[in-house]
Amino acid sequence: MKFTISWLKEHLETDAPTDQILSALTDLGLEVEGTNNPLENLSAFTVGQIIEAEQHPNADRLKVCRVNTNKGEKQIICGAPNARAGIKVVVAHPGDYIPGLGKKIKVGNIRGVESLGMMCSERELMLSDEHEGIIELSVDAEVGCRYVDQAAGLEIVVDIAVTPNRPDALAVRGIARDLAARGLGTLKQNKPVKTVGNFESPISVHLDKSVTNEACPLFVGRYFRDVKNVESPKWLREKLIAIGLRPISALVDITNFITYDLGRPLHVFDADKLAGVLLIRKAKVNEKIVALDGEDYNLKAEDTVITSGGVVESIGGIIGGLKTGCSLETTNVFLESAFFSSSSIAKTGRRLKINSDARYRFERGVDPRFTEPGIDVATKLILDICGGEVSEVVKAGKLSKSKERIIFRSERVESLIGLKIPTSRQLEILKQLGFSAQKQDNNSYFIEVPSWRPDIHGEADLIEEIIRVTSLTKLNGSPMTEETVGSKPPILTPAQKRVSFLRRKIAAYGLNECISYSFIDEKSAKYFSSETAVVKLLNPISSEMSHMRPSLLPSLCSAAKRNQARSFKNLKLFEIGEIFFGGGPGQQRVNAAGLLLGDYSERNAFKNERSVDVFDAKQIVLGALKDVGVATEKLLLKRDNLPSFMHPGRSGIFSIGHKNPIAIFGELHPSLVDFYDLKGATVVFEILVDSIPFPKKKRLARTSIRMSEFQPVERDFAFVVPADFEVDAIKKAVEFTDKNLISEVRLFDVFEGDEAEIQLGANKKSVAFMVKLQSEDTTFTDGDIDAIGAKIITSVFELTGGVLRS
């Protein structure tokens, strides 16, 4: 947002120096991004007078001029058509920096004739885009004096950064209001003067029911006849040029001026090119318009348009049509002032990629109650500059009469901010910002929010306004009081602590953490949504981010694909975050997922490389679950009801009981490996963090050590069992034979395949376990060991029908 200091003072009565104004703006949250002071850029240029201008001997379009300057008479070559004897000009000498050219000029030799300087145009001094001729100064300008001392309208231009929640600061008056509240002056009264129309408008307006509720609640217009669309007066041209706008014509310049001055976008139609009735409605599919920028736009049913005779004449709140635009020949005008919803404008503008001042303001929030006053302001300027007659105002739709009211407690300022501000000063700040207060009981007030502040919704917002105007620089640190010193409840919840434990544990296995968007493409969402509903976004960022992720694995697969495309073949990635199974509150849960791809370890002098496998993923899952308090020895390993994105024969599910799955692990389905174009073995896991129950009792940091004084005994057992029987179930049968005496069971051999069937029989395999026996009460005898061994053999036989291998 750009403005000049003199423009600001048209709204603010102040004697504050410029430096103080700039400092206050940044402290108010309107950060000054830069200033442009023409007085500094143009201080080297001086006034000169052409004494003689003769034709260049070797160029038809050039003249050899003899110029009287502050350094005496100089010969200067000039190609401007208005270079002639007698006029006073702006002179630059060799060594002077020309801002419009971005360089210093030197003594030149043009077609064999020496040139000792330059006579400047407005574009070369960056005063405007005019470059057809050199600047002609007043006859009163004194030769030899500085140009800046003779020029009018040269002043400091301020450029501020406006955050999206401050649409009121996109107007010079809004900026002046903030400075007045800070105490840098008084906000001037600026009540629009109503103009009574002389006749009934020949153009009427009508709102279609598709737009009245939200897209365009109010549309106001006015007809002008017999106007003269002349060049804008100097004061108006200078204002627009200073902020980087190009003056076009009085009618267009007036609407641009009001947009920046008061934050009210307007539009003028050439009334002679309208059909008599303006209908504001939603566009029909594939309707088209050629806009003022000369581009063709295809419209959709979500776009709000202004039509006449069934033809689209303007994209509401964004840009007008080329056909009905005003030119210098325009004599009859229809002026539009409407209120369009932010969401409607944002969707259309973003899709069509149109960047206009109107769109920029409407999508942030324009003051709805200044819709009709905006017509009055523009009416006076048009009549003053262009003349003509004006009709009565025509209007369609209406605004809601209700205003937002907030309960405000003055003592909350100190409790939230830590700064003591008297209640009277708090209310004074709010009043100067446009809020009104009605006292309730004690220090409680009803605050009515002004219509130009759509960003204020609660008490905290009011407090932010008070401290913003007071100045955050006045906040001082103070020691904690005795009441605040002492033990405090933990900041992290048990769920947050659990996520932290999981992150550290998974990272300890050598996995790198990823942080990805919660949005994925439609195909990925459908591939990984076997157990959840696909959640589609109403307003996606792009086609690759159209759905909420039902799993963390699609993001990890995409990350792996990008890394492999850059020659990183072996990857270990994980992410902890939310997945979504609905669009409402609470329809999400926290998961932890990982992906291992390629070789687990690279080849070296001591061992060969090894591809990742299912058991790597299983080890990480069990280690992570154990770290958050899960009794992993009691988990059930299930192979049925696997998600469709997992390999059906090389995956598993860990569950607590039969109905509470808490983790899946295994190989990714081959079709998805191909879909993501992953190279090498690919195993994944996903832990359903929110499904893990918290321990019923608070655990000690460390359990007490149980050590036996008696010697442990190890025995090996090899069983011949059915080839398709799960080893884990056999291991659990051995462990639960006698939990008091069996301290460890470890699988150390599996013999299976064709050779096993030859030696053991068809569909058979051999599994061997080491069983460690440990008593806390006595030393084992041979009889004790044999009895326990017999129990183990019986348990395995009852479970599998397996026998000891001979």
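Heads up: the structure comes first, above all this text.
Positions within a chain are numbered from 1, following the residues in the order the chain's sequence is written. In keeping with the predicted nature of the model, local features appear solely for residues at pLDDT of at least 70, side-chain atom pairs appear and are counted solely at 80 or more, and the whole-chain, interface and lining totals rest on all residues. For side-chain calculations, the full set of non-hydrogen atoms in the structure is used, while hydrogens and water are omitted.

Chemist: So what's going on with helix α19 (residues 727-735)? Residues and values would help.
Modeler: Among all positions of α19, only V727, I730, K732, A733 and V734 are buried. Note on definitions: a residue-residue contact is assigned when non-hydrogen atoms from the two residues lie within 4.5 Å. Helical segments are the DSSP runs of H or I of at least four residues, strand segments are the runs of E of at least two, and each set is numbered from the N terminus. For α19, the elements touching its buried residues are β42 (713-722), β43 (742-751), β44 (764-773) and α21 (782-800). Buried means the residue's accessible area, taken with a 1.4 Å probe over protein chains only, is under 20% of the maximum for its type, while exposed means over 50%, and partly exposed covers the values in between.

Chemist: Outline the nonpolar core, supporting the account with residue identities and numerical values.
Modeler: What is meant by a nonpolar core is a set of buried Ala, Val, Leu, Ile, Met, Phe, Trp, Tyr and Cys residues, joined one to another through side-chain atoms within 4.5 Å. L25, I160, I175, L179, I258 and F408 are the most contacted members of the largest nonpolar core, which totals 71 residues. No other element matches the 7 residues that helix α7 (residues 250-262) contributes to this core. Counting residues in each nonpolar core, the second largest holds 36 residues, with I280, I289, I306 and F362 among its members.

Chemist: If you had to explain the sheet that holds strand β31 (residues 519-520) to someone new, which residues and values would you point to?
Modeler: In this analysis, strands are considered paired if DSSP registers two or more bridges between them. Reading across from one edge, β31-β33-β32 is the order of the 3 strands in this open sheet, with antiparallel pairing throughout. With partners counted over all chains shown, the strands left at the sheet margins are β31 and β32 (535-536), one partner each. Where β32 meets strand β33 (residues 547-548), 2 bridges bridge the pair, whose relative direction is antiparallel. Pairing of K536 across the sheet is with H547, part of β33.

Chemist: Let's hear about the sheet that holds strand β21 (residues 304-308): which residues, and what values?
Modeler: Backbone-to-backbone hydrogen bonds join strands into a sheet, with any given pair of strands oriented parallel or antiparallel. Spatially, the 5 strands line up as an open sheet ordered β15-β18-β21-β22-β23, and their pairing is mixed. With one partner strand each, in any of the chains shown, β15 (204-207) and β23 (319-320) form the two edges of the open sheet. Examined bridge by bridge, strand β18 (residues 277-282) and β21 share 5 bridges and lie antiparallel to one another. Considered in β21, the bridge of R281 is made with V305.

Chemist: Lay out the packing of aromatic side chains in plain terms, naming residues and giving numbers.
Modeler: Each aromatic pair joins two rings of Phe, Tyr and Trp (for Trp, the six-membered one) with centres within 6.5 Å, and gets the label stacked for planes under 30 degrees apart, edge-to-face for over 60, and tilted for any other angle. Applying the stated rule across the entire model yields 10 aromatic pairs. For the pair F199 and Y223, a centre-to-centre distance of 6.1 Å together with 80° between the ring planes defines the contact as edge-to-face. Of this pair, F199 sits in the loop between β14 (186-187) and β15 while Y223 sits in strand β16 (residues 218-225); the two residues are 24 residues apart in sequence, bridging distant segments of the chain. Comparing F199 with Y223, the two get one shared label, buried. When the ring of W235 is compared with that of F257, the centres are 5.6 Å apart and the planes differ by 85°; the resulting orientation is edge-to-face.

Chemist: Account for the environment of L556, with residues named and values stated.
Modeler: Relative to the assigned elements, L556 resides in helix α16 (residues 553-564). With a relative accessible area of 0%, L556 lands in the buried category. Residues L556 and L596, 40 residues apart in the sequence, show an inter-C-alpha distance of 9.8 Å. In this view, L556 contacts C514, L573, F574, E575, A593, G594 and L595; residues no more than four positions away in its chain are not counted.

Chemist: Residue-level account of helix α2 (residues 18-27), with values.
Modeler: Where α2 is concerned, the buried positions are I21, L22, A24 and L25. On an axial view of α2, the arc spanned by its buried residues comes to 165°, and they lie on one face. Of the residues one or two after α2, G29 is the one with positive phi, at around 100°. What the arc covers is the set of directions going from the helix axis to the C-beta atoms.

Chemist: Please give an account of the pairing of strand β40 (residues 661-668) that cites residues and values.
Modeler: Along β40, 6 of the 8 residues are buried, which leaves the element largely enclosed by surrounding structure. In this structure, strand β39 (residues 646-655) lies alongside β40, joined through 6 bridges in antiparallel fashion. Pairing of S651 across the sheet is with G666, part of β40. Remark: 5 residues form the turn of the hairpin made by β39 and β40, two consecutive strands paired antiparallel; G657 in that turn has positive phi of roughly 75°. Relative to strand β41 (residues 682-688), β40 is paired through 5 bridges, and the arrangement is antiparallel. Pairing of A663 across the sheet is with I687, part of β41.

Geometric descriptors of this kind do not, in isolation, establish any biological role.
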